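Each chain, letter by letter, is given below.
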Amino acid sequence: MSRLHKMSIQGIRSFGNRDQDTQVITFFSPLTVIVGPNGSGKTTIIECLKYMATGIMPPGAKTGGAFVHDPKVAHDTEVRGQIRLLFQDVTGHNVQVQRTLVATQKKTNISLRTLEGIIIREGINGEPIQITSKCIELDKEMVTAFGVSTAILENVIFCHQEESNWPLSEGKQLKTKFDDIFAATKYMKALELIRKIRTEKLQTVKISRAEIGHLKTYRDMLVQKKRQYAEIDERLQTSKVNVESIQLKLEPIDSRLEFIAKESSKMVDFQRRMDRLTNECEALKKKIREFNTIIDEPFQGSEDELKLLISNFQRDQDKKKRELQDLEAKKLTTERQIKKLLDKRTSDTTRLGGYEFEEKTI
Ligand SMILES: Nc1ncnc2c1ncn2[C@@H]1O[C@H](COP(=O)(O)OP(=O)(O)OP(=O)(O)O)[C@@H](O)[C@H]1O
(Lines give C-alpha, C1' and ligand atoms only; values in the text may rest on other atoms or scores of the structure.)
Protein backbone atom coordinates (compact mmCIF):
# COMPACT_ATOMS: atom_id res chain seq x y z
CA MET A 1 0.00 0.00 0.00
CA SER A 2 1.23 3.48 -0.84
CA ARG A 3 1.53 6.03 1.99
CA LEU A 4 2.09 9.81 2.12
CA HIS A 5 5.04 11.11 4.17
CA LYS A 6 5.56 14.80 3.56
CA MET A 7 4.55 17.58 1.22
CA SER A 8 6.09 21.03 0.82
CA ILE A 9 4.16 23.86 -0.86
CA GLN A 10 5.62 27.10 -2.17
CA GLY A 11 3.93 29.72 -4.38
CA ILE A 12 0.53 27.98 -4.58
CA ARG A 13 -2.68 29.93 -3.85
CA SER A 14 -2.25 31.62 -0.45
CA PHE A 15 1.16 29.95 0.10
CA GLY A 16 3.76 32.63 -0.72
CA ASN A 17 6.55 32.17 -3.27
CA ARG A 18 9.48 33.20 -1.06
CA ASP A 19 11.69 30.50 0.44
CA GLN A 20 10.61 31.41 3.96
CA ASP A 21 6.95 31.02 2.88
CA THR A 22 7.45 27.33 2.08
CA GLN A 23 5.13 25.17 4.13
CA VAL A 24 5.81 21.52 4.96
CA ILE A 25 2.99 19.18 5.90
CA THR A 26 3.85 15.89 7.56
CA PHE A 27 1.24 13.14 7.23
CA PHE A 28 0.56 10.72 10.05
CA SER A 29 -0.50 7.12 10.00
CA PRO A 30 -3.27 5.96 9.98
CA LEU A 31 -4.92 9.40 9.85
CA THR A 32 -4.06 13.04 9.34
CA VAL A 33 -6.66 15.67 10.24
CA ILE A 34 -6.23 19.09 8.62
CA VAL A 35 -7.92 21.73 10.68
CA GLY A 36 -7.98 25.47 10.14
CA PRO A 37 -10.15 28.55 9.75
CA ASN A 38 -11.82 29.40 6.51
CA GLY A 39 -9.38 30.49 3.82
CA SER A 40 -6.39 29.12 5.68
CA GLY A 41 -5.52 26.70 2.87
CA LYS A 42 -7.02 23.26 3.75
CA THR A 43 -8.57 22.82 0.28
CA THR A 44 -5.29 24.01 -1.26
CA ILE A 45 -3.45 21.14 0.47
CA ILE A 46 -5.93 18.60 -0.98
CA GLU A 47 -5.68 20.26 -4.43
CA CYS A 48 -1.89 20.08 -4.19
CA LEU A 49 -2.06 16.36 -3.31
CA LYS A 50 -4.47 15.76 -6.19
CA TYR A 51 -2.22 17.71 -8.59
CA MET A 52 0.87 15.79 -7.45
CA ALA A 53 -0.87 12.44 -7.79
CA THR A 54 -2.75 13.00 -11.04
CA GLY A 55 -1.41 16.19 -12.68
CA ILE A 56 -5.00 17.54 -12.61
CA MET A 57 -5.27 21.19 -11.53
CA PRO A 58 -8.38 22.70 -9.90
CA PRO A 59 -11.06 23.96 -12.32
CA GLY A 60 -10.13 27.26 -14.02
CA ALA A 61 -6.51 27.07 -12.88
CA LYS A 62 -5.05 26.79 -16.38
CA THR A 63 -6.84 29.81 -17.79
CA GLY A 64 -6.84 32.13 -14.87
CA GLY A 65 -3.63 30.96 -13.26
CA ALA A 66 -5.54 30.94 -9.94
CA PHE A 67 -3.72 27.84 -8.73
CA VAL A 68 -0.36 29.57 -8.55
CA HIS A 69 0.15 32.36 -5.98
CA ASP A 70 -1.06 35.55 -7.63
CA PRO A 71 1.86 37.65 -9.04
CA LYS A 72 -0.03 40.77 -8.07
CA VAL A 73 -0.16 39.64 -4.44
CA ALA A 74 3.55 38.74 -4.66
CA HIS A 75 4.28 42.16 -6.28
CA ASP A 76 6.16 40.35 -9.01
CA THR A 77 5.62 39.68 -12.76
CA GLU A 78 6.44 36.00 -12.46
CA VAL A 79 5.73 33.54 -9.66
CA ARG A 80 7.09 30.04 -9.45
CA GLY A 81 4.81 27.56 -7.68
CA GLN A 82 6.53 24.41 -6.53
CA ILE A 83 5.20 21.32 -4.74
CA ARG A 84 7.30 18.46 -3.47
CA LEU A 85 5.83 15.21 -2.24
CA LEU A 86 7.58 12.41 -0.43
CA PHE A 87 5.68 9.13 -0.30
CA GLN A 88 6.08 5.41 -0.15
CA ASP A 89 5.00 3.62 -3.37
CA VAL A 90 3.09 0.32 -3.57
CA THR A 91 6.37 -1.60 -3.60
CA GLY A 92 7.43 0.02 -0.29
CA HIS A 93 10.13 2.28 -1.81
CA ASN A 94 10.37 5.98 -1.02
CA VAL A 95 9.64 8.26 -3.96
CA GLN A 96 10.10 12.00 -4.09
CA VAL A 97 8.26 14.01 -6.74
CA GLN A 98 8.57 17.63 -7.68
CA ARG A 99 6.22 19.60 -9.93
CA THR A 100 6.72 23.24 -10.87
CA LEU A 101 4.34 25.78 -12.35
CA VAL A 102 5.20 29.30 -13.49
CA ALA A 103 2.57 32.08 -13.57
CA THR A 104 3.45 35.22 -15.52
CA GLN A 105 1.51 38.42 -15.21
CA LYS A 106 0.50 39.70 -18.66
CA LYS A 107 -1.28 42.94 -19.41
CA THR A 108 -4.78 41.58 -18.97
CA ASN A 109 -4.32 38.06 -17.71
CA ILE A 110 -1.97 35.59 -16.11
CA SER A 111 -0.35 32.90 -18.27
CA LEU A 112 0.58 29.56 -16.80
CA ARG A 113 3.20 27.06 -17.90
CA THR A 114 4.30 23.75 -16.47
CA LEU A 115 7.99 22.90 -16.13
CA GLU A 116 9.42 19.41 -16.42
CA GLY A 117 8.78 17.35 -13.29
CA ILE A 118 11.34 15.37 -11.32
CA ILE A 119 11.04 11.97 -9.70
CA ILE A 120 13.67 10.74 -7.29
CA ARG A 121 13.51 7.04 -6.50
CA GLU A 122 15.45 4.87 -4.13
CA GLY A 123 17.92 2.60 -5.85
CA ILE A 124 18.66 -1.05 -4.89
CA ASN A 125 21.13 0.14 -2.22
CA GLY A 126 18.92 3.02 -1.08
CA GLU A 127 20.80 5.58 -3.22
CA PRO A 128 18.63 8.30 -4.86
CA ILE A 129 18.05 8.00 -8.59
CA GLN A 130 16.76 11.15 -10.26
CA ILE A 131 14.60 11.03 -13.38
CA THR A 132 13.39 14.13 -15.18
CA SER A 133 10.13 13.36 -16.82
CA LYS A 134 7.64 15.07 -19.09
CA CYS A 135 4.33 15.81 -17.31
CA ILE A 136 2.31 13.10 -19.09
CA GLU A 137 4.89 10.40 -18.35
CA LEU A 138 5.11 11.68 -14.75
CA ASP A 139 1.31 11.29 -14.40
CA LYS A 140 1.55 7.65 -15.56
CA GLU A 141 4.46 7.04 -13.20
CA MET A 142 2.44 8.43 -10.28
CA VAL A 143 -0.57 6.17 -11.03
CA THR A 144 1.79 3.18 -11.04
CA ALA A 145 3.54 4.34 -7.87
CA PHE A 146 0.30 4.95 -5.96
CA GLY A 147 -1.26 1.74 -7.30
CA VAL A 148 -4.59 3.55 -7.67
CA SER A 149 -6.30 4.63 -10.91
CA THR A 150 -6.52 8.34 -11.80
CA ALA A 151 -10.33 8.18 -11.64
CA ILE A 152 -10.26 6.94 -7.99
CA LEU A 153 -7.61 9.53 -7.08
CA GLU A 154 -9.62 12.31 -8.71
CA ASN A 155 -13.16 11.36 -7.71
CA VAL A 156 -12.73 9.54 -4.39
CA ILE A 157 -9.44 10.09 -2.61
CA PHE A 158 -8.65 13.70 -3.54
CA CYS A 159 -12.15 14.78 -4.45
CA HIS A 160 -12.65 18.54 -4.34
CA GLN A 161 -15.06 19.56 -1.58
CA GLU A 162 -17.28 21.34 -4.11
CA GLU A 163 -17.61 18.14 -6.11
CA SER A 164 -17.84 15.74 -3.15
CA ASN A 165 -21.62 15.43 -3.43
CA TRP A 166 -21.43 13.53 -6.71
CA PRO A 167 -22.72 10.27 -5.09
CA LEU A 168 -26.02 12.13 -4.56
CA SER A 169 -26.26 13.41 -8.15
CA GLU A 170 -28.70 12.37 -10.93
CA GLY A 171 -28.62 8.87 -12.42
CA LYS A 172 -26.85 9.73 -15.66
CA GLN A 173 -24.18 11.86 -13.95
CA LEU A 174 -23.76 9.19 -11.29
CA LYS A 175 -23.34 6.50 -13.96
CA THR A 176 -20.74 8.62 -15.77
CA LYS A 177 -18.80 8.99 -12.51
CA PHE A 178 -18.97 5.27 -11.79
CA ASP A 179 -17.98 4.50 -15.37
CA ASP A 180 -14.99 6.81 -14.87
CA ILE A 181 -14.08 5.30 -11.50
CA PHE A 182 -14.32 1.72 -12.64
CA ALA A 183 -13.02 2.60 -16.10
CA ALA A 184 -16.20 0.89 -17.40
CA THR A 185 -16.04 2.73 -20.71
CA LYS A 186 -12.62 1.24 -21.25
CA TYR A 187 -13.95 -2.20 -20.27
CA MET A 188 -16.89 -1.81 -22.67
CA LYS A 189 -14.50 -0.82 -25.44
CA ALA A 190 -12.19 -3.63 -24.45
CA LEU A 191 -15.12 -6.10 -24.45
CA GLU A 192 -16.26 -4.83 -27.84
CA LEU A 193 -12.71 -5.18 -29.12
CA ILE A 194 -12.43 -8.67 -27.60
CA ARG A 195 -15.71 -9.67 -29.29
CA LYS A 196 -14.46 -8.26 -32.60
CA ILE A 197 -11.12 -10.01 -32.23
CA ARG A 198 -12.95 -13.24 -31.24
CA THR A 199 -15.12 -13.05 -34.38
CA GLU A 200 -12.00 -12.42 -36.49
CA LYS A 201 -10.15 -15.21 -34.74
CA LEU A 202 -13.12 -17.59 -35.19
CA GLN A 203 -13.10 -16.72 -38.88
CA THR A 204 -9.36 -17.32 -38.96
CA VAL A 205 -9.89 -20.62 -37.14
CA LYS A 206 -12.55 -21.59 -39.70
CA ILE A 207 -10.22 -20.76 -42.57
CA SER A 208 -7.33 -22.45 -40.77
CA ARG A 209 -9.45 -25.60 -40.26
CA ALA A 210 -10.24 -25.68 -43.97
CA GLU A 211 -6.53 -25.12 -44.66
CA ILE A 212 -5.66 -27.87 -42.19
CA GLY A 213 -7.97 -30.20 -44.15
CA HIS A 214 -6.12 -29.31 -47.37
CA LEU A 215 -2.79 -29.55 -45.62
CA LYS A 216 -3.71 -32.98 -44.24
CA THR A 217 -4.52 -34.14 -47.79
CA TYR A 218 -1.19 -32.68 -48.94
CA ARG A 219 0.55 -34.32 -46.00
CA ASP A 220 -1.01 -37.71 -46.85
CA MET A 221 0.03 -37.22 -50.47
CA LEU A 222 3.49 -36.25 -49.34
CA VAL A 223 3.73 -39.30 -47.07
CA GLN A 224 2.61 -41.51 -49.96
CA LYS A 225 5.08 -39.83 -52.32
CA LYS A 226 7.82 -40.22 -49.74
CA ARG A 227 7.01 -43.94 -49.42
CA GLN A 228 7.02 -44.30 -53.20
CA TYR A 229 10.25 -42.39 -53.37
CA ALA A 230 11.78 -44.68 -50.73
CA GLU A 231 10.66 -47.74 -52.72
CA ILE A 232 12.03 -46.31 -55.96
CA ASP A 233 15.22 -45.36 -54.20
CA GLU A 234 15.56 -48.89 -52.83
CA ARG A 235 14.97 -50.31 -56.31
CA LEU A 236 17.47 -47.85 -57.69
CA GLN A 237 20.07 -48.95 -55.15
CA THR A 238 19.42 -52.62 -56.06
CA SER A 239 19.63 -51.74 -59.75
CA LYS A 240 22.90 -49.90 -59.12
CA VAL A 241 24.32 -53.01 -57.46
CA ASN A 242 23.08 -55.11 -60.40
CA VAL A 243 24.54 -52.65 -62.87
CA GLU A 244 27.88 -52.82 -61.07
CA SER A 245 27.92 -56.64 -61.19
CA ILE A 246 26.85 -56.57 -64.87
CA GLN A 247 29.59 -54.04 -65.58
CA LEU A 248 32.08 -56.38 -63.92
CA LYS A 249 30.82 -59.24 -66.12
CA LEU A 250 30.87 -56.97 -69.15
CA GLU A 251 34.52 -55.98 -68.72
CA PRO A 252 36.00 -59.30 -70.09
CA ILE A 253 33.27 -59.42 -72.75
CA ASP A 254 34.21 -55.90 -73.80
CA SER A 255 37.89 -56.75 -74.05
CA ARG A 256 36.94 -59.97 -75.96
CA LEU A 257 34.73 -57.91 -78.30
CA GLU A 258 37.60 -55.48 -78.81
CA PHE A 259 39.87 -58.38 -79.69
CA ILE A 260 37.21 -59.80 -82.07
CA ALA A 261 36.81 -56.39 -83.70
CA LYS A 262 40.57 -56.19 -84.28
CA GLU A 263 40.65 -59.76 -85.64
CA SER A 264 37.63 -59.05 -87.80
CA SER A 265 39.38 -55.97 -89.20
CA LYS A 266 42.43 -58.12 -89.92
CA MET A 267 40.13 -60.69 -91.58
CA VAL A 268 38.64 -57.99 -93.81
CA ASP A 269 42.16 -56.89 -94.83
CA PHE A 270 43.09 -60.49 -95.43
CA GLN A 271 39.94 -61.07 -97.50
CA ARG A 272 40.71 -57.97 -99.56
CA ARG A 273 44.26 -59.20 -100.15
CA MET A 274 42.95 -62.63 -101.02
CA ASP A 275 40.46 -61.16 -103.50
CA ARG A 276 43.19 -59.07 -105.07
CA LEU A 277 45.51 -62.08 -105.33
CA THR A 278 42.67 -64.22 -106.72
CA ASN A 279 42.04 -61.56 -109.38
CA GLU A 280 45.74 -61.40 -110.16
CA CYS A 281 45.81 -65.20 -110.29
CA GLU A 282 42.83 -65.23 -112.64
CA ALA A 283 44.51 -62.62 -114.85
CA LEU A 284 47.70 -64.67 -114.91
CA LYS A 285 45.74 -67.83 -115.70
CA LYS A 286 44.06 -65.95 -118.55
CA LYS A 287 47.46 -64.81 -119.82
CA ILE A 288 48.75 -68.35 -119.54
CA ARG A 289 45.79 -69.55 -121.55
CA GLU A 290 46.47 -66.85 -124.16
CA PHE A 291 50.15 -67.77 -124.22
CA ASN A 292 49.18 -71.43 -124.53
CA THR A 293 47.19 -70.61 -127.67
CA ILE A 294 50.26 -68.78 -129.09
CA ILE A 295 52.81 -71.36 -128.03
CA ASP A 296 52.92 -74.26 -130.49
CA GLU A 297 55.17 -76.34 -128.45
CA PRO A 298 55.06 -75.87 -124.72
CA PHE A 299 58.36 -75.70 -122.91
CA GLN A 300 59.12 -78.95 -121.26
CA GLY A 301 62.08 -77.91 -119.04
CA SER A 302 62.27 -76.66 -115.51
CA GLU A 303 61.61 -73.07 -114.44
CA ASP A 304 65.30 -72.33 -114.04
CA GLU A 305 65.95 -73.65 -117.50
CA LEU A 306 63.14 -71.44 -118.75
CA LYS A 307 64.52 -68.44 -116.94
CA LEU A 308 67.94 -69.14 -118.49
CA LEU A 309 66.38 -69.50 -121.89
CA ILE A 310 64.53 -66.22 -121.44
CA SER A 311 67.69 -64.55 -120.24
CA ASN A 312 69.59 -65.85 -123.31
CA PHE A 313 66.74 -64.76 -125.50
CA GLN A 314 66.84 -61.30 -124.04
CA ARG A 315 70.60 -61.14 -124.41
CA ASP A 316 70.21 -62.17 -128.09
CA GLN A 317 67.52 -59.62 -128.48
CA ASP A 318 69.73 -56.93 -126.94
CA LYS A 319 72.57 -57.94 -129.25
CA LYS A 320 70.24 -57.84 -132.21
CA LYS A 321 68.92 -54.48 -131.07
CA ARG A 322 72.46 -53.14 -130.92
CA GLU A 323 73.17 -54.62 -134.41
CA LEU A 324 69.96 -53.04 -135.64
CA GLN A 325 71.02 -49.74 -134.18
CA ASP A 326 74.43 -50.05 -135.94
CA LEU A 327 72.68 -50.93 -139.18
CA GLU A 328 70.33 -48.05 -138.82
CA ALA A 329 73.29 -45.75 -138.21
CA LYS A 330 75.00 -47.15 -141.33
CA LYS A 331 71.77 -46.74 -143.24
CA LEU A 332 71.58 -43.16 -142.17
CA THR A 333 75.18 -42.54 -143.23
CA THR A 334 74.52 -44.24 -146.58
CA GLU A 335 71.36 -42.19 -147.06
CA ARG A 336 73.31 -39.04 -146.36
CA GLN A 337 75.98 -40.10 -148.90
CA ILE A 338 73.21 -40.90 -151.43
CA LYS A 339 71.70 -37.52 -150.77
CA LYS A 340 75.08 -35.85 -151.27
CA LEU A 341 75.62 -37.79 -154.50
CA LEU A 342 72.12 -36.92 -155.69
CA ASP A 343 72.75 -33.26 -154.87
CA LYS A 344 76.06 -33.45 -156.73
CA ARG A 345 74.37 -35.17 -159.71
CA THR A 346 71.73 -32.43 -159.71
CA SER A 347 74.41 -29.71 -159.74
CA ASP A 348 76.46 -31.62 -162.35
CA THR A 349 73.35 -32.03 -164.52
CA THR A 350 72.66 -28.31 -164.20
CA ARG A 351 76.29 -27.48 -165.10
CA LEU A 352 76.17 -29.92 -168.00
CA GLY A 353 72.99 -28.28 -169.25
CA GLY A 354 74.77 -24.95 -169.11
CA TYR A 355 77.72 -26.27 -171.10
CA GLU A 356 75.40 -27.74 -173.70
CA PHE A 357 73.64 -24.41 -174.05
CA GLU A 358 76.95 -22.59 -174.45
CA GLU A 359 78.05 -25.12 -176.97
CA LYS A 360 74.89 -24.60 -179.08
CA THR A 361 75.17 -20.91 -179.02
CA ILE A 362 78.78 -20.93 -180.09
N1 LIG B 1 -4.10 32.86 -6.69
C2 LIG B 1 -4.12 33.11 -5.41
N3 LIG B 1 -3.12 33.84 -4.88
C4 LIG B 1 -3.10 34.12 -3.60
N5 LIG B 1 -4.03 33.73 -2.73
C6 LIG B 1 -5.06 32.98 -3.21
C7 LIG B 1 -5.14 32.65 -4.57
N8 LIG B 1 -6.26 31.90 -4.75
C9 LIG B 1 -6.83 31.77 -3.60
N10 LIG B 1 -6.14 32.44 -2.63
C11 LIG B 1 -6.42 32.47 -1.21
O12 LIG B 1 -6.34 31.18 -0.70
C13 LIG B 1 -7.33 30.95 0.25
C14 LIG B 1 -8.23 29.85 -0.13
O15 LIG B 1 -7.79 28.81 0.60
P16 LIG B 1 -8.62 27.49 0.77
O17 LIG B 1 -9.84 27.52 -0.12
O18 LIG B 1 -7.70 26.37 0.55
O19 LIG B 1 -9.04 27.64 2.26
P20 LIG B 1 -9.88 26.66 3.10
O21 LIG B 1 -9.14 26.50 4.32
O22 LIG B 1 -10.13 25.41 2.31
O23 LIG B 1 -11.20 27.48 3.26
P24 LIG B 1 -12.66 26.90 3.57
O25 LIG B 1 -12.59 26.37 4.93
O26 LIG B 1 -13.49 28.11 3.44
O27 LIG B 1 -12.91 25.92 2.56
C28 LIG B 1 -8.11 32.15 0.35
O29 LIG B 1 -7.69 32.91 1.46
C30 LIG B 1 -7.84 32.91 -0.92
O31 LIG B 1 -7.89 34.31 -0.74
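For the structure itself, look to the data block above.
Cut-off values and rules
- Residues numbered from 1 in each chain as written.
- Predicted model: local features only at pLDDT ≥ 70, side-chain atom pairs only at ≥ 80, totals over all residues.
- Heavy atoms only, no water.
- Helix = DSSP H or I, 4+ residues; strand = E, 2+ residues; numbered from the N terminus.
- Buried < 20%, exposed > 50% of the residue type's maximum accessible area, 1.4 Å probe, protein only.
- Contact = heavy atoms within 4.5 Å.
- Areas by Shrake-Rupley, 256 points an atom, 1.4 Å probe, with all protein chains shown as cover.
- Pairing = 2+ DSSP bridges.
- Phe/Tyr/Trp six-rings, centres within 6.5 Å; stacked < 30°, edge-to-face > 60°.
- Lys NZ or Arg CZ within 6 Å of the ring centre and 35° of its normal.
- Salt bridge = Lys/Arg side-chain N within 4 Å of Asp/Glu carboxyl O.
- Near = heavy atom within 4 Å.
- Polar contact = N/O pair within 3.5 Å; in protein donor to acceptor, adjacent residues only side chain to side chain.
- Nonpolar A, V, L, I, M, F, W, Y, C, P; charged D, E, K, R; others polar.
- Core = buried A, V, L, I, M, F, W, Y, C linked by side-chain atoms within 4.5 Å.

A. Representation of the overall build of the protein chain in the model. The number of helices and strands found in the protein chain is eight helices and seven strands. The proportion of buried residues among the 362 residues of the protein chain is 19%. A separation of at least 24 residues holds for 54% of the contacts in the protein chain among residues at least 6 apart in sequence. With an accessible surface of roughly 28,400 Å², the protein chain has 57% of that area assigned to carbon and sulfur atoms.

B. Here's a closer look at unusual backbone geometry. In this model, S29 is joined to P30 through a cis peptide bond whose omega is 5 degrees. Residue placement: P30 occurs in the loop between β2 (23-26) and α1 (42-54). Positive phi is not limited to glycine here, since R13 has a value of about 40 degrees. Along the chain, the position of R13 falls in the loop between β1 (3-10) and β2. Accessibility expressed as a relative area gives 27% for R13, which makes it partly exposed. Positive phi, normally seen in glycine, also occurs at H75, with a value near 55 degrees. Mapping H75 onto the fold places it in the loop between α3 (71-74) and β3 (78-88).

C. Looking closely at the pairing of strand β5 (residues 110-114). In this structure, strand β4 (residues 94-105) lies alongside β5, joined through five bridges in antiparallel fashion. Opposite A103, over in β5, you have L112 as the bridge partner. What sits between the antiparallel neighbours β4 and β5 is a turn of four residues.

D. Molecular detail of the packing of aromatic side chains. Counted by the stated rule, this structure contains three aromatic pairs. Note on Y51 and F67: the rings are 5.6 Å apart at their centroids and 75 degrees apart in plane angle, and the pair reads as edge-to-face. Of the two residues, Y51 sits in helix α1 while F67 sits in the loop between α2 (61-64) and α3, which places them 16 residues apart along the sequence. The pair formed by Y51 and F67 is uniform in burial state, with each residue classed as buried. Where W166 meets F178, the ring centres are 5.7 Å apart and the plane angle is 80 degrees; that geometry is what we call edge-to-face. Residue W166 is located in the loop between α5 (150-157) and α6 (171-181), and its partner F178 is located in helix α6; the two are separated by twelve residues in the primary sequence. The lysine or arginine in question, R99, covers the ring of Y51, its NZ or CZ lying 5.2 Å from the ring centre.

E. Representation of the pattern of salt bridges. Here the structure, examined in full by the defined rule, presents 15 salt bridges. Close ionic contact of E303 with K307 constitutes a salt bridge, the shortest N to O distance being 3.6 Å. Residue E303 and its partner K307 are located together in helix α8 (residues 303-361), separated by four residues, close to a single helical turn. With relative accessibility at 54%, the residue E303 sits in the exposed group. Each of D89, R121 and E141 takes part in a single network of salt bridges with overlapping partners.

F. A look at the site of the ligand. In the vicinity of the ligand there are 15 residues, among which G39, K42, T43, T44 and D70 approach most closely. For the ligand, an oxygen atom lies 2.4 Å from a polar atom in the side chain of T43. Interatomic distance of 3.1 Å between a backbone N/O atom of V68 and a nitrogen atom of the ligand. In the complex, the protein chains occlude 67% of the 650 Å² of accessible area that the ligand would expose alone. Here the residues of the shell around the ligand sort into three nonpolar, nine polar and three charged.

G. The nonpolar core, seen in detail. Within the largest apolar cluster, 33 residues are counted, with the highest numbers of intra-cluster contacts made by M7, I9, F67, I83, L85 and F87. Elements with a minimum of two residues in this core: β1, α1, β3, β4 and α4 (135-146). Counting residues per element, this core draws most heavily on α1, which supplies six residues. The contact partners of I83, leaving out residues within four places of it in the chain, are M7, S8, I12, C48, Y51, M52, F67, V97, Q98 and R99.

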